[in-house]
Amino acid sequence: MTALGKTLEIRSSPHILSGNRVDTIMWNVVLALLPVSGFAVYAFGIAAVLVLAVAVGSCVLTEHLLCRVAGKPTTVADGSAVITGLLYGLTLPPGLALWMVAVGGVVAIAVGKALFGGLGQNPFNPALVARAILQAAFPVAMTTWAPILAAGRFTSVPASLLAWPFSAPAPDATSTATPLSAWKFDHRLTETPDLLLGTTAGSVGETCAVLILLGGAWLIARRMMNWRIPAAIFATVAALSAVLHAFDPARCAGPEFMLLSGGLMLGAVFMATDMVGSPMTHLGCVIHGVVIGVLVVVIRVYGGMPEGVMYAILLANALVPHLDRLIQPRVYGTKGRGRKP
Amino acid sequence: MPLFASRTFAHGVHPPEAKDDTKGLAIRQFPFAPVLVVPLLQHLGKPAIAEVAEGQEVARGQRIARPDGFFSVAMHAPASGVVRRIGLAPAISGKMEPAIFLEPFPGSTQEVLQGRPCLAASATPDEILAAIQEAGVVGLGGAAFPTHAKLKVPAGKQVETVLVNGAECEPYLTTDHRVMLEHAADVMAGIPYLLKATGAGRAIVAIEANKPDAAETIRAAIPPGAPIEVAVLPVKYPQGAEKMLITALTGREVPSGGLPLDARVLCVNVATTAEIGHLLPQGAGIQERVLTVGGPGVVRKGNYRVTIGTPLRFVLETVGTADDLTRVFLGGPMMGQAVSSLDIPVTKGTTGVIAFTARETGFVGGQREHPCIRCGYCLDACPIFLNPAELGLLARNQQYERMADRHHLMDCFECGCCTFVCPSHIPLVQHFRIAKRAVRKAKAKTP
C-alpha cells in the first residue's frame, strides 16, 4: 500500500471543473467568423486574403511582442488577438493599403487592449478602436469601396493595396458606393436579397447577413454569446426605423434595409456581444443592445455619416461599467434589484 | 401547485453525475478497524463531554459522552471494547480535536446495547426531541447540525411541511440512494417522529430524477393514508442545498439571513430520517453510517456501512487504492473537504470518501488562471443570484467588508458553482471562503 504513504494534496473544493476555457471560447468565435471570412475571399479575392492576413498577423505579432516586452509568457494561444485581428480586418474596406491595415493592427492591440491591461481589461472593442483611429487618420482611404465580385479579383492585386508606407494610394477609378452611402447621398435603395446574400459593396466581411447570422447562431447554441444583445439591437433598430420611416420615408429607409445594410449585422452579432465589452447581467445586456440600436439609427438618419455602427458600439462600451455597477442581480431571499444602501 | 410549476430552482450547474459505479451496489457492512477514533465534536455546536475513563470497558451502543447543553449531542460506543486513551486526534478542520480512542474486542458478537424506546405514537414532541439528542442524531447529509435543534420550532413559528431530502445532487455519492432503496421502511418510520416533533401536517420526500427506482420504492412504502408525498425533481446541482430544495418544492424563498422556518418548512436529510426511524424505537444511539467509498482512485468502490470512528487509512486500505492517489476528500467533489491526514476518522457527517488520482487532480491543477473575461457564466450559475465576478474582483483587493455590506457575501453557501463554470479558472468560491472567515473574525472582534 505504497500509495497511502504519499503526501495528499489539500485544495479547497470544488474538486472538479466544467471544462469551460477562455481559449475554447475564443477559438469558437474564430470558427464562427470563418464562413464570413470565406465569403469575403470569394467576394473580394486576393485583396480580402491580404487584408485579413495582414490584420490578423499584425495583431498577433503585436500581442506577442508586447508580452515579451512586459516579460510575461505570450498570450497569443488564448486566441483573443486572432479574434481582434479577424474582426478588425472584416470591418476594413477591401482596397485599403496594407501598410494602413498593419498600422491599425498595432493600434488595436497596443492602444485598444494592452494599454488598458490586456485581456479582460479593455473597456472598448479593440478592433473598433483601431478602425475609429484609421477612420480619423485616413478618411478617404477608409471610405473608398472596391467593387464586389470584380472580374480579375483572383488574378491581380489592386494597386491601392500595395501603396508605399506613408503614401496615400491614388483614388481608385473603379470605386463604388455602399448601400448606405447610396441611400444617404443618392437616395438609391439596394434590393433586400442582395443585402442578405452580400452581393453589395462594403467592408470585407460586413456584406453577407446570412453567414453572419449563421456564425452567431453557432455561438448562441454553444452558450458563448448572449443572444439578448443582438436581439435587442435588431428589435430596437427595426422598431425605431419603422416609426421614422412611416413619418419621413425620404429620410429614413425601412426596417429591412436598416437591419441588413452596412455593418449592423457584423457589429450586432460579433462586436456588441464581445464578452469583455458587454454587461454581465441579462438586463444589462438588453439595455446595452437598446442603446446601440438607438445610436445606430440616430447616427445613420440624422448624422453626417452614412454609417454609425462603429461609434454606436464604442459609445455603448463606455456605458458598460456603469450598467454593471447599477444593475446587480436580485439576491435570493431579498426584495428588489440593486445593492444594499 | 401551479400548473406550470417547474419543480426546480433557478440557475445551478450540471456536473457529470459519476454515480453509475456505485448506485447499483447494495450496502455492505465494513469490518472494524483495530482502533476506532470517536471525536467528541462531530457536529456543529459544542463538543460532547466524555463520561468514560481510560482503560474502561464499554459495550456497543453504550453512551460514552453526554451532550454539553442544547447545541450538542450524545456519543455512543461504536463497538464493544476498551477505551485506550482520551486525547487529541486529527480532524477534518485541520486542527487536533479531543477524541475517545476505542479498541474493539476481537471476535465479539457486538450486540447492541439498547435503551428506553421512544415511540412516535405515544411520545410528546419534547420527548422526541430529547430522544433524538440522546441518540446522537445529527444531519447525516454532511452538515452535521444537531437534528433535535433543527426540529425545535420556536414559539410563534409554524411548520407546514417537512421536506425529506433525498436529492443527493453531489456527483459520486450514492448513499442516500441506497438508503432509500434498502431502508424505505426506516424512512417511513422516521417521518412520523419529524411530523410530530414539528407539528407539520405533511412530508414530501424529494428525489432527483436520476433515482427513479428510489422514488418508486419510497412511493410504494408510504403507508395508506399517511400525509407523505414523493416529489421527483430534475437533476441539477445544488438541488440538495436546503434553500434550493425549498424553492424547488414550494416556490418560496428563505429570506436572506433567515431560516427555512421563515418559509414554514424544515428540511431533513433522508438518511437522518431513516436513522431516527431505526434508532428511536429501540432507544439506541448512532454507531455507524452508510457512506460511498468511490472515485477513480478506489479499487473496490461501493456503499458501505462504516463504524463511526474508523480511520480513513483503514477504509482506503480495506477497499484498495490506485498507486497514483493524489487527493482524498470527504463528501462529493463539489463541496467535499480534502483531507490532510488519513488518520482522520469517519464521523457522523461523512457522506462519502472519494479518492482522486493524478489524472483528475492534474486536470484541475493544470488549468492556468486567466483574467476575468466578463462572460457572466458565474452569474448564470450562482443559485442565490450573487455576482461572483464582482465579488471575485473585490476579494482580490481584500475588500471583504464591502463584499459583505454591499454584495451579500454572507449569503454565499459555498456550493462552488462559480468556480466550476469559470472559463478563466479563477478560484472564486475559494476567495469567498477566505473572505467570509475574515468578515466573521472582524465581527467577533468588534463588540
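Residues numbered from 1 in each chain as written. Chains lettered and ligands numbered in written order. Predicted model: local features only at pLDDT ≥ 70, side-chain atom pairs only at ≥ 80, totals over all residues.

A. Representation of the domain arrangement of chain B. All names here are of chain B. By the assigned domains, chain B splits into domain 1 (28-104 + 287-361), domain 2 (125-282) and domain 3 (377-445). Using only C-alpha atoms to locate each centre, domain 1 and domain 2 end up separated by 24 Å. Tallying the contact residues gives 29 residues for domain 1 and 24 residues for domain 2. If you list the elements that add at least two residues to the side of domain 1 that touches domain 2, you get strand E6 (75-76), strand E13 (288-294) and strand E17 (352-357). Counting residues per element, the side of domain 1 that touches domain 2 draws most heavily on E13, at five residues. Here the residues of the side of domain 1 that touches domain 2 are counted per class, giving 13 nonpolar, 14 polar and two charged. (Domains from an automatic or database assignment. Contact = placed C-beta atoms within 7 Å. Helix = DSSP H or I, 4+ residues; strand = E, 2+ residues; numbered from the N terminus. Nonpolar A, V, L, I, M, F, W, Y, C, P; charged D, E, K, R; others polar.)

B. Expanded view of the pairing of strand E12 (residues 265-269) of chain B. All names here are of chain B. Of all five residues in E12, five are buried; the element is thus mostly enclosed. Residues Val-265, Cys-267 and Asn-269 point to one face of E12 and Leu-266 and Val-268 to the other, with burial holding for every one of them. Two elements, strand E9 (residues 161-166) and E12, share five bridges in a ladder whose sense is parallel. Residue pairing across strands places Val-164 opposite Val-268, the latter belonging to E12. (Buried ≥ 20, exposed ≤ 12 C-beta atoms within 10 Å, placed from the backbone. Pairing = 2+ DSSP bridges.)

C. Fine view of the domain arrangement of chain A. Residue and element names in this part refer to chain A. Domain annotation of chain A identifies domain 1 (21-174) and domain 2 (177-327). For domain 1 and domain 2, the distance between their C-alpha centres works out to 20 Å. Each partner contributes residues to the interface: domain 1 has 35 residues there, and domain 2 has 35 residues. Among the elements of the structure, helix H1 (22-44), helix H2 (46-70), helix H3 (80-90) and helix H5 (126-137) are those that each provide at least two residues to the side of domain 1 that touches domain 2. Considering every element that reaches the side of domain 1 that touches domain 2, the biggest residue donor is H1, with 12 residues. Counted by class, the side of domain 1 that touches domain 2 contains 27 nonpolar, seven polar and one charged residues.

D. Inspection of the interface of chain B and chain A at higher detail. Of the residues lining the interface, 61 residues belong to chain B; the matching set on chain A comes to 39 residues. Of all elements in the fold, only helix H8 (312-319), strand E15 (325-330), strand E16 (337-338), helix H9 (358-365), helix H10 (377-381), helix H12 (400-407), helix H13 (417-421) and helix H14 (428-445) of chain B reach the threshold of two or more residues within the side of chain B that touches chain A. Top element by residues in the side of chain B that touches chain A is E15 of chain B. It accounts for five residues. Among the residues forming the side of chain B that touches chain A, the class breakdown is 32 nonpolar, 18 polar and 11 charged.

E. Representation of the sheet that holds E6 of chain B in the model. All names here are of chain B. Read from one edge of the open sheet, three strands run E3-E5-E6, paired in antiparallel fashion. Strands with a single pairing partner mark the edges of an open sheet, and in this sheet they are strand E3 (49-50) and E6. Sheet analysis places E3 next to strand E5 (residues 63-66), joined by two bridges and oriented antiparallel. Paired with Ala-50 across the bridge in E5 is Ala-65.

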